[in-house]
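Here is how the chains run, residue by residue.
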Amino acid sequence: SQTIHQWPATLVQPVGSPLSLECTVEGTSNPNLYWYRQAAGRGLQLLFYSVGIGQISSEVPQNLSASRPQDRQFILSSKKLLLSDSGFYLCAWSLKVQAYGYTFGSGTRLTVV
Amino acid sequence: AQSVAQPEDQVNVAEGNPLTVKCTYSVSGNPYLFWYVQYPNRGLQFLLKYITGDNLVKGSYGFEAEFNKSQTSFHLKKPSALVSDSALYFCAVSRARDTGFQKLVFGTGTRLLVSP
């Protein structure tokens, strides 16, 4: 069966420090991968998505970047965190969206101090 | 472009009463519709989906949703609410198209609060 792992679960980082959040998927090949941010327990903002290794699409300009170095690995990064980067970050994967929707990871709570 | 509206920020219901969480959508062509639930500090969990067929779809934890094409709605329902149903609920839509990359478009979420 397919599983998605996201870590760390919680992170407190000072302003100006770098960030690396990792997401991996097991049990499937060539998934579509997504990074979302959720502010204040409300709506989801799509940050990046990827349809294959090295293929990254950015939805909004920001202080963050994403990479997909392997088929089932998706990394969210920042060189210098801002206070406004605080939030709940969710990774998700899909194959046929229409049939199966998305499967989400358990999320990372990032607090920038 | 696809869009989803969840007109209520919060729905309050007493335990044992029926609940409805509203969702309307806009999409060209036939829609694929989904409901997800999120508990505090957790990822979203799939509840149910409408692809085709019966307009009444049954899902996890006793939830169901009714697809209404003429009203472009996909309201989530449960006959008898539980306190443990208190959570954040998201409606999502994708366009029924076999080719090309497809994304889910999510609503802004509705917080359900079930009181004892």
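These figures come from a predicted structure and were not determined experimentally.

*Asks:* Lay out the overall build of chain B with the relevant residues and their values.
*Replies:* Per the secondary structure count, chain B includes zero helices and 12 strands. When the helices and strands of chain B are listed from N to C terminus, the series reads β-β-β-β-β-β-β-β-β-β-β-β. Over its C-alpha trace chain B gives a radius of gyration of 14 Å, about what one expects of a compact globule, namely 13 Å for 116 residues. Considered along the principal axes of its C-alpha atoms, chain B spans approximately 45 × 30 × 25 Å. A total of 116 residues make up chain B; the buried ones form 43% of that total. Looking at chain B alone, contacts between residues at least 24 apart form 57% of all its contacts between residues at least 6 apart. When the accessible surface of chain B is split by element, carbon and sulfur atoms take 49% of a total near 5,600 Å². Distance from the positive charge centre (11 side chains) to the negative charge centre (8 side chains) of chain B: 8 Å.

*Asks:* Residues and numbers for the pairing of strand 9 (residues 87–94) of chain A, please.
*Replies:* The two faces of a sheet get side chains in turn, since along a regular strand they alternate between them. Residues and elements named next belong to chain A. The buried fraction of strand 9 is high, at eight of eight residues. Where strand 4 (residues 32–38) meets strand 9, seven bridges bridge the pair, whose relative direction is antiparallel. Bridge pairing in strand 9 links Tyr34 to Ala92. Sheet topology note: the strand 9/strand 11 (residues 108–112) ladder contains three bridges and is antiparallel. Each residue of the ladder has a partner; that of Gly87, found in strand 11, is Leu110.

Here is what the cut-offs are and how they apply
Residues numbered from 1 in each chain as written. Chains lettered and ligands numbered in written order. Predicted model: local features only at pLDDT ≥ 70, side-chain atom pairs only at ≥ 80, totals over all residues. Heavy atoms only, no water. Helix = DSSP H or I, 4+ residues; strand = E, 2+ residues; numbered from the N terminus. Rg over C-alpha atoms; globule rule 2.2 N^0.38 Å. Buried < 20%, exposed > 50% of the residue type's maximum accessible area, 1.4 Å probe, protein only. Contact = heavy atoms within 4.5 Å. Areas by Shrake-Rupley, 256 points an atom, 1.4 Å probe, with all protein chains shown as cover. Lys, Arg positive; Asp, Glu negative; His and termini not counted. Charge placed at Lys NZ, Arg CZ, Asp CG, Glu CD. Pairing = 2+ DSSP bridges.

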